[in-house]
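Structural overview
So the chains spell out like this:
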2 protein chains.
Amino acid sequence: MKKRTVAVVGYGKVGQFAVEAVQASPDLELVGVVRRSGSREHSPELASIPVVTGIRELAGVEAALLTVPTRMVPEYAKECLSLGINTVDSYDIHGELVNLRRELDGVAKENGSVAIISAGWDPGTDSLLRCMMEMMAPQGITYTNFGPGMSMGHTVAVRAIPGVKDALSMTIPLGVGLHRRMVYVELEEGADFKAVENAVLQDSYFVNDETHVRQVPDVNQLIDWGHGVLMERKGVSGKTHNQLFKYEMRINNPALTSQVMVSALRATFRQQPGAYTMVEVPVIDCLPGDREELLRRLV
Amino acid sequence: MKKRTVAVVGYGKVGQFAVEAVQASPDLELVGVVRRSGSREHSPELASIPVVTGIRELAGVEAALLTVPTRMVPEYAKECLSLGINTVDSYDIHGELVNLRRELDGVAKENGSVAIISAGWDPGTDSLLRCMMEMMAPQGITYTNFGPGMSMGHTVAVRAIPGVKDALSMTIPLGVGLHRRMVYVELEEGADFKAVENAVLQDSYFVNDETHVRQVPDVNQLIDWGHGVLMERKGVSGKTHNQLFKYEMRINNPALTSQVMVSALRATFRQQPGAYTMVEVPVIDCLPGDREELLRRLV
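Since we're looking at a predicted model, the values are computed, not measured.

1. Things to note about the environment of E188(B)
Residue and element names in this part refer to chain B. Along the polypeptide, E188 turns up in the loop between β10 (178–187) and α6 (193–202). Judged by its relative accessible area of 42%, E188 is partly exposed. Separated by 24 residues in the primary sequence, E188 and V164 have C-alpha atoms spaced 5.8 Å apart.

2. Digging into the interface of chain B and chain A
Residue-level contacts link 59 residues of chain B with 59 residues of chain A. For the chain B and chain A pair, buried surface summed over both sides reaches about 5500 Å², with 64% attributable to carbon and sulfur atoms. Across the chain B-chain A interface, the total number found is 10 salt bridges. In this structure, the connection of chain B to chain A is made through 24 residue pairs in polar contact (both at pLDDT 80 or more). When contributions to the side of chain B that touches chain A are tallied by element, the ones reaching two or more residues are α1 (13–23), α3 (97–111), α4 (125–136), β13 (240–252), α7 (253–268) and α8 (291–298) of chain B. At 12 residues, β13(B) tops the list of elements feeding residues into the side of chain B that touches chain A. Its residues placed into classes, the side of chain B that touches chain A shows 32 nonpolar, 13 polar and 14 charged. In the sheet, strand β13 (residues 240–252) of chain A pairs with β13(B) via 7 bridges, with the strands oriented antiparallel. By the bridge assignment for β13(B), K246(A) is matched with E248(B).

3. Observations regarding the confidence of the model for chain A
For chain A, per-residue confidence averages 97 on the pLDDT scale, and 100% of positions sit at 70 or higher. The complex prediction reports pTM at 0.97, with the ipTM value standing at 0.97.

4. Re the sheet that holds strand β11 (residues 210–215) of chain A
Residue and element names in this part refer to chain A. Pairing is mixed in the open sheet, where 4 strands are placed in the order β8-β9-β10-β11. Strand pairing shows two members of the sheet lacking a second neighbour, β8 (149–150) and β11, which therefore form its edges. Helix-sheet contacts for helix α6 (residues 193–202) involve β9 (164–175), β10 (178–187) and β11, and the interaxial angle to β11 is about 155 degrees.

How each quantity is defined
- Residues numbered from 1 in each chain as written.
- Chains lettered and ligands numbered in written order.
- Predicted model: local features only at pLDDT ≥ 70, side-chain atom pairs only at ≥ 80, totals over all residues.
- Heavy atoms only, no water.
- Helix = DSSP H or I, 4+ residues; strand = E, 2+ residues; numbered from the N terminus.
- Buried < 20%, exposed > 50% of the residue type's maximum accessible area, 1.4 Å probe, protein only.
- Contact = heavy atoms within 4.5 Å.
- Buried area = accessible area lost by both parts, 1.4 Å probe.
- Salt bridge = Lys/Arg side-chain N within 4 Å of Asp/Glu carboxyl O.
- Polar contact = N/O pair within 3.5 Å; in protein donor to acceptor, adjacent residues only side chain to side chain.
- Nonpolar A, V, L, I, M, F, W, Y, C, P; charged D, E, K, R; others polar.
- Pairing = 2+ DSSP bridges.
- pLDDT = per-residue confidence, 0-100.
- Axes fitted to C-alpha atoms, helices over the stretch in contact; angles between N-to-C directions.

Written out as structure tokens, the structure is:
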């Protein structure tokens, strides 16, 4: 079997796990890592892997895993797609992903490439579950409950507040899709905790949720990449009420995100040129191996 | 919006719920029921619906829901597909569905029609979950635990035993994919319980599971269409172990089966001619409404 050649673009937490997920895939070959610094410093695990500063420096890349910050996804995706390189990202701004899909769809079709966007766990596999639950019981309510786990978006928002040296925002599920935010801050010398607390409580990320701010001496001691979801739906199949569905996972967040991206990357090779979300792609396309053998084992 | 025209073929329990599920769908129109008897006897709910003995007697059918017994699916599917009518079935013989898919694929492609096979909950939506869990954690074990609920296949097997007037076989989950069979039998006058019990215990349907047989005066008093599934996977994403996934549902069995069939039927209109299992079809194709609006709401 000829392996597909893959580059990892971006080398934050998800990028590091993405390298492992590619290495663990029987049908994929890692041909390089694209990293702003272009350096292997502090990354002994990259010793035998080409590290470059731009995707054009790597030859023969068929697909790229874009593990850059969400706001940089459109730019990097367009660059790759216009070079004929398939892309997968985990773009996580729910309200804007339809626009990203449109934008990339044009570039992909022009260049004969494929993009699968928002391929993490939410959006991503959770989106698949929400669609499935609605297909099984079209009338009803679905609740997606997150956590307990670290919210990257909320944490970054707190870190940007003056006087904050480091921060951690935990998402605590309260049920029926409501969440509590537990914010842990490590302050800079002389910073005023009350001022920081007020800034957090008035931030648009926190203003709609019950939020508690705690001062701690060392945020790093609290960090754990575990996260979770509990999704529930009670609905109606046909005219029959009280159909009950529940999906729960407890996972290492960057490990799952990168694995879903790698699985989606495999599916890019099986779609017509264009941009897709995961719910628009057959699930089986994400798995390696012979199609009929998979159907025998999993259907 | 022009509604798609649908016939329900077969009018057992799933067929009855399928009629309701079509009626509850905003984009589908029920044009008739195909029933061996061709009669509305004992079915006042069919008063305003054409009832015929063969699919050819109905004009303008675009798709058929095949709610006939599994063994009759191939014959009925081939008839419909060769008439250019899309089909959905809930064919449930896991070991043979790949052969059915091949057989129908040829007929469908010759006639420009689409078949989605094995579109119930197992095989069907459970298959989607098994694929998803494997995509999220490629290494590990998935356990599918069924019940408590009535097993149609096992019940039919017991009913065929001489001396049995009526029977019910309940599937009880013991965890890690193991099941206990609780068999309730109502005997014919003069039948010997011990002989029936031995026949059950030696039947190939029961020989591999812990099985208990009980004599009851009236099986009908025990019947409840509720069923359930608990699917669990503990596995590895990339190189990260202990990723935990769990899916659970508690549902009315024929109501869910027929709703999944109706949702899959919608997807037949969005595939190229051929035969597919549910895992080969984008999940979003099963939902009615504007594509981008669905993506905004569910992804």
